[in-house]
Amino acid sequence: MEETAGIYFFSYSGALGLILLGVFAMVTSRHIIRIILGLMLLEAGVNLFLIIIGYRANAIAPIIVEGQNAAMVDPIPQALVLTAIVIGVAVQALALALVIKTYKAYGTLDTKELAQRIAEESGTHVIDGIPTEEKQV
Amino acid sequence: MTLLSGLIFTIGLGLLLIVVIKSLIFEQVLTGGIGSIILEQAPNDVGTANIVSSVLLAYRGLDTLGELTVLFVAATAVGLVLGQPRPDAPRDPDAGFILRSAADLLFPFMIILGAYIILHGHLTPGGGFQGGAILAAAFFIPILASPSSPLNHKVSSLVEGLAGSAFILIGLLALFDKGYFLAPLLGTGEVGELFSAGSLPLLYLAVGLKVGAELAGLLARLHETEV
């Protein structure tokens, strides 16, 4: 039992670390590509977390092999994660397509510069890179 | 300033998540023991050796159809956002002899590997999504090696559409035959045989072709756009 607790501790802290690293990258980065990379880290962390939920001590992968009677891990989280990975790829592809379009239109991928450029074009006021509804005087 | 507030936010989120994880009773709490029931019944109900496949295509087949729809919508949206390149748009020059020959040599082996993984999805780790990704790579590597011969988007859309319709058609056949959409057809057969698990390998074949065509088209579109 002591051994199992160790496995749980390390795997949960790995998933937690990936999630927090992803969130930190998304919150602090100004470059859009880095924000997308943060999103990918976050996804990896969440997928790892789901896989660990299905873990059982001394169990094998949920595939029936003749003459094998060991316990198997929970198949449901694994099926869920398979779905999540595919959806993640689709989301990343769409995000990158939008990034290509943004770069073509503005020539920069810095969120602060982008906000300023968009605000100038639409004539809104800019405070610390965040456009507000207030009109320029 | 952004760094500090970001750090504080991340630490706060971390503490929250630690509390959530702590309050989980380890083992089998989130899926409520359904996993054990499926592990017991899947070989008799569906007849797959790989139980993840039976969850994916038999018990939650409708969710997989939804997942395919999400992938389809994303691929369509990428096509919509990027548009078609102009016919006279400059293309990258072809790669050198070594890369082109290696791409040609690799192509049949990757097709075989992809097909193997798709067709053995109900027996071994793998299946339609994984095999489809390998098929997509098989079609994308030659494009990277020689950009002057691009992917035929008409063919890839045709394959994608036919595979998607086949998936729904098998589901509808099950609806008329057994009364449940996407219910397993054709009996279970012997667990562990190549021809077993009824209509599941057919469904996985449809999934694999659809995912392969979709991903290849998506990658080709991203590659074709001029920046």
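Our structure's up above, just so we're on the same page.
What counts as what
Residues numbered from 1 in each chain as written. Chains lettered and ligands numbered in written order. Predicted model: local features only at pLDDT ≥ 70, side-chain atom pairs only at ≥ 80, totals over all residues. Heavy atoms only, no water. Phe/Tyr/Trp six-rings, centres within 6.5 Å; stacked < 30°, edge-to-face > 60°. Helix = DSSP H or I, 4+ residues; strand = E, 2+ residues; numbered from the N terminus. Buried < 20%, exposed > 50% of the residue type's maximum accessible area, 1.4 Å probe, protein only. Core = buried A, V, L, I, M, F, W, Y, C linked by side-chain atoms within 4.5 Å. Contact = heavy atoms within 4.5 Å. Axes fitted to C-alpha atoms, helices over the stretch in contact; angles between N-to-C directions. Parallel < 35°, antiparallel > 145°, perpendicular 65-115°, else oblique. Left-handed = near helix turned anticlockwise from the far one by under 90°. Buried area = accessible area lost by both parts, 1.4 Å probe. Salt bridge = Lys/Arg side-chain N within 4 Å of Asp/Glu carboxyl O. Polar contact = N/O pair within 3.5 Å; in protein donor to acceptor, adjacent residues only side chain to side chain. Nonpolar A, V, L, I, M, F, W, Y, C, P; charged D, E, K, R; others polar.

Focus on the packing of aromatic side chains
All names here are of chain B.
Point 1. In this structure the tally under the stated criterion is 3 aromatic pairs over all chains.
Point 2. Seen from their ring centres, Phe107 and Phe139 are 5.3 Å apart, and the 80° between their planes marks the pair as edge-to-face. Placement of Phe107 in helix α5 (residues 97–119) and of Phe139 in helix α6 (residues 128–145) is noted, with a sequence separation of 32 residues between them.
Point 3. Overall, the relative accessible area of 37% leaves Phe139 in the partly exposed class.

Description of the nonpolar core
In summary, soluble globular proteins display a tendency toward joint burial of nonpolar side chains.
Point 1. By size, the foremost hydrophobic cluster in this structure holds 38 residues, and its most contacted members are Leu57, Phe129, Phe167, Val207 and Val211 of chain B.
Point 2. Taken together, the elements giving at least two residues each to this core come down to α3 (75–106) of chain A together with α2 (34–45), α3 (51–59), α4 (61–82), α6, α7 (153–178) and α8 (200–224) of chain B.
Point 3. Counting residues per element, this core draws most heavily on α8 of chain B, at 9 residues.
Point 4. Among residues more than four places away in sequence, those in contact with Phe129 of chain B are Leu82 and Val86 of chain A together with Leu56, Thr64, Glu67, Leu68, Val207 and Val211 of chain B.

Details of the packing of α3 of chain A against α8 of chain B
Point 1. It is the contact of α3 of chain A with α8 of chain B, at a shortest axis distance of 11 Å, that shows an interaxial angle of 20°. As summarised for this structure, α3 of chain A and α8 of chain B are arranged roughly parallel, according to the angle between their axes. When the axes of α3 of chain A and α8 of chain B are compared, the crossing they make is left-handed. Facing Val89, Ala93, Ala97 and Ile100 of chain A of α3 of chain A, the residues of α8 of chain B in contact are Leu215, Leu218 and Leu222 of chain B.

A look at the interface of chain A and chain B
Point 1. Counting residues at the interface gives 38 residues for chain A and 50 residues for chain B.
Point 2. Across the chain A/chain B interface, buried area totals approximately 3,900 Å², and carbon plus sulfur atoms make up 81% of it.
Point 3. The tally of links from chain A across to chain B stands at 0 salt bridges.
Point 4. Our count for the chain A to chain B interface comes out at 0 residue pairs in polar contact (both at pLDDT 80 or more).
Point 5. Mapped onto the side of chain A that touches chain B, the elements with two or more residues apiece are α1 (2–28), α2 (32–53) and α3 of chain A.
Point 6. Broken down by element, the side of chain A that touches chain B gets its largest block of residues, 19 residues, from α3 of chain A.
Point 7. Residues belonging to the side of chain A that touches chain B are distributed by class as follows: 31 nonpolar, 3 polar and 4 charged.

A look at the pattern of salt bridges
Residue and element names in this part refer to chain B.
Point 1. Following the criterion strictly, the structure yields 3 salt bridges over all chains and no others.
Point 2. Among the ionic pairs, Arg60 bridges to Asp63, the shortest N-O distance being 2.9 Å.
Point 3. In this structure, the salt-bridge partner of Lys210 is Glu214, at a minimum N-O distance of 3.3 Å. One end of the pair is Lys210 and the other is Glu214, both in helix α8 and 4 residues apart, which spans about a single turn. We note that Lys210, like Glu214, is buried.

Examining the environment of Ile37 of chain B
All names here are of chain B.
Point 1. In this fold, Ile37 is placed in helix α2.
Point 2. A residue is classified by how much of its surface remains accessible, and Ile37, at 48% relative accessible area, is partly exposed.
Point 3. For the pair Ile37 and Ile141, spaced 104 residues apart in sequence, the C-alpha to C-alpha distance is 43 Å.

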